[in-house]
Amino acid sequence: MLPKWKLLLLALPLFLAACYENNLACLDPDATNYDLLGDDVCPDDCCQYPNLSLDIDRFWEENVFVSTDTFTDGAANEFRLLRFRFYLGDILLLAGAETLPVPENLVEVDLIAGTDTVLTEINANVVLVNSSGSTSSTVGRLRTGTSALTQVQATLGLAAQYTAVYPPTAPASSPLATQEGILNFNDGQGYLQASAEYLLTATDDTVRVDVLGNQPLLLDFPTAEVPTRGANVTVEMEADYARVFRQINLAETEIMVATSLANALPDLLVITGVR
């Protein structure tokens, strides 16, 4: 008969094997919850990917924009820019010739279908940029990888797929929700591309000009930026309103101002870096 200590040594491996459990975890280094000590891939796609955000600072030339300041447009008209808003949609990061995955920001909204609405989940890869309030907007989650980022691709204004969205059904925090000073006419034309409200000093008239439709936008990083794996990415930008409104005669008709505004919008933004 074996001594007790030898019996214990023989039983120890069996005891340890019975107690050990595999560590089911996210094994993707691009995820924020990547577990270096994980044994097996977790079920139900538990990996959570970083947020892509845009942080857009507002200027008039070298000065921080203030809505109470008076500016001069392209025809030497003095004015105050009371409120300026525009949409960015279909936002993508490019790394050279490679396009990173579409940022994911799934929301449930009602889509207008004839005289009724249908509850649908859509990817709201959009931001609404305001001339006041927070400068930062979350686009969605994406897997950034390790390639150096070189460009941001987007649209000024939203694509046709958003035309049928019924804004009151969108989450209150979503850019697609009903905004103060409505940005969706629900008449088949969809969301506005941009809206400017300004006060002409000479006449003391307050004017609102709306721009419909959308147009492509492609912005270059000053230098290629390698993202930190598994970390949130914030693209830092500047919006210089002088680049836009110095091209416009705000005393012209609203249709002419809207056309000039649409033509000048692609000059508004520049990328300054990433963090």
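Definitions and limits used
Residues numbered from 1 in each chain as written. Predicted model: local features only at pLDDT ≥ 70, side-chain atom pairs only at ≥ 80, totals over all residues. Heavy atoms only, no water. Helix = DSSP H or I, 4+ residues; strand = E, 2+ residues; numbered from the N terminus. Rg over C-alpha atoms; globule rule 2.2 N^0.38 Å. Buried < 20%, exposed > 50% of the residue type's maximum accessible area, 1.4 Å probe, protein only. Disulfide = S-S within 2.5 Å. Core = buried A, V, L, I, M, F, W, Y, C linked by side-chain atoms within 4.5 Å. Contact = heavy atoms within 4.5 Å. Polar contact = N/O pair within 3.5 Å; in protein donor to acceptor, adjacent residues only side chain to side chain. Patch = residues over 30% accessible without salt bridge, like charges linked within 9 Å, V, L, I, M, F, W, Y side chains within 5 Å. Areas by Shrake-Rupley, 256 points an atom, 1.4 Å probe, with all protein chains shown as cover. Salt bridge = Lys/Arg side-chain N within 4 Å of Asp/Glu carboxyl O.

1. Remarks on the overall build of the protein
When helices and strands are tallied, the protein shows 3 helices and 17 strands. Expected size for 275 residues packed as a compact globule is a radius of gyration near 19 Å; at 26 Å, the protein overshoots this value by more than 25%. When its C-alpha atoms are laid out on the principal axes, the protein stretches across 110 × 50 × 35 Å. By residue count, 41% of the 275 residues in the protein fall in the buried class.

2. Some points on the state of the cysteines
Every disulfide links exactly two cysteines, by a covalent bond between their sulfur atoms. Considering all chains together, one arrives at 2 disulfides under this definition. The disulfide that involves C26 links it to C47, with 2.1 Å between the sulfurs. Judged by the sign of its S-S torsion, about 105°, the cystine formed by C26 and C47 is right-handed. Residue C26 is found in the loop between β1 (24-25) and β2 (40-41), and its partner C47 is found in the loop between β2 and β3 (51-60); the two are separated by 21 residues along the sequence. Owing to a relative accessible area of 15%, C47 belongs among the buried residues under this scheme. If the cysteines joined by disulfides in the protein are listed in sequence order, their pairing comes out as 1-4, 2-3.

3. What to know about the nonpolar core
Among the nonpolar cores identified, the biggest contains 52 residues, and F84, L88, Y198, V235, F245 and L269 are the most heavily contacted of them. Looking at this core, the element that brings in the most residues is strand β6 (residues 78-95), giving 8 residues. For F84, the contacting residues outside a window of four places in its chain are V129, N130, S131, A194, S195, A196, Y241, F245, L261, L265 and L268. Grouped together as the second largest cluster of nonpolar side chains are 16 residues, V107, A124, L158 and L192 included.

4. A closer look at the side chain of D55
For D55, the position within the fold is in strand β3. According to the relative accessible area criterion, D55 is buried, its value standing at 11%. A distance of 2.8 Å separates polar atoms of two side chains, one belonging to D55 and the other to R275. Ignoring sequence-local partners within four residues, the contact set of D55 consists of T135, S136, T234, V235, E236, M237 and R275.

5. Structural notes on the side chain of S131
Mapped onto the elements of the fold, S131 is located in the loop between β10 (126-130) and β11 (136-141). A polar side-chain atom of S131 sits 2.9 Å from the main-chain amide nitrogen of F84. Dropping the residues within four chain positions of it, S131 is found in contact with R58, F65, L82, R83, F84 and Y241.

6. Side note on a nonpolar patch on the surface
Together, L27, Y34, L36, L37 and V41 line one region of the surface with nonpolar side chains, adding up to about 530 Å² of accessible area. As for its placement among the helices and strands, Y34 is situated in the loop between β1 and β2.

7. Notes on the environment of A258
For A258, the position within the fold is in helix α3 (residues 254-264). Placed 193 residues apart in sequence, A258 and F65 show a C-alpha to C-alpha distance of 21 Å. Once you skip the residues sitting within four places of it in the chain, A258 turns out to touch V209, D210 and V211.

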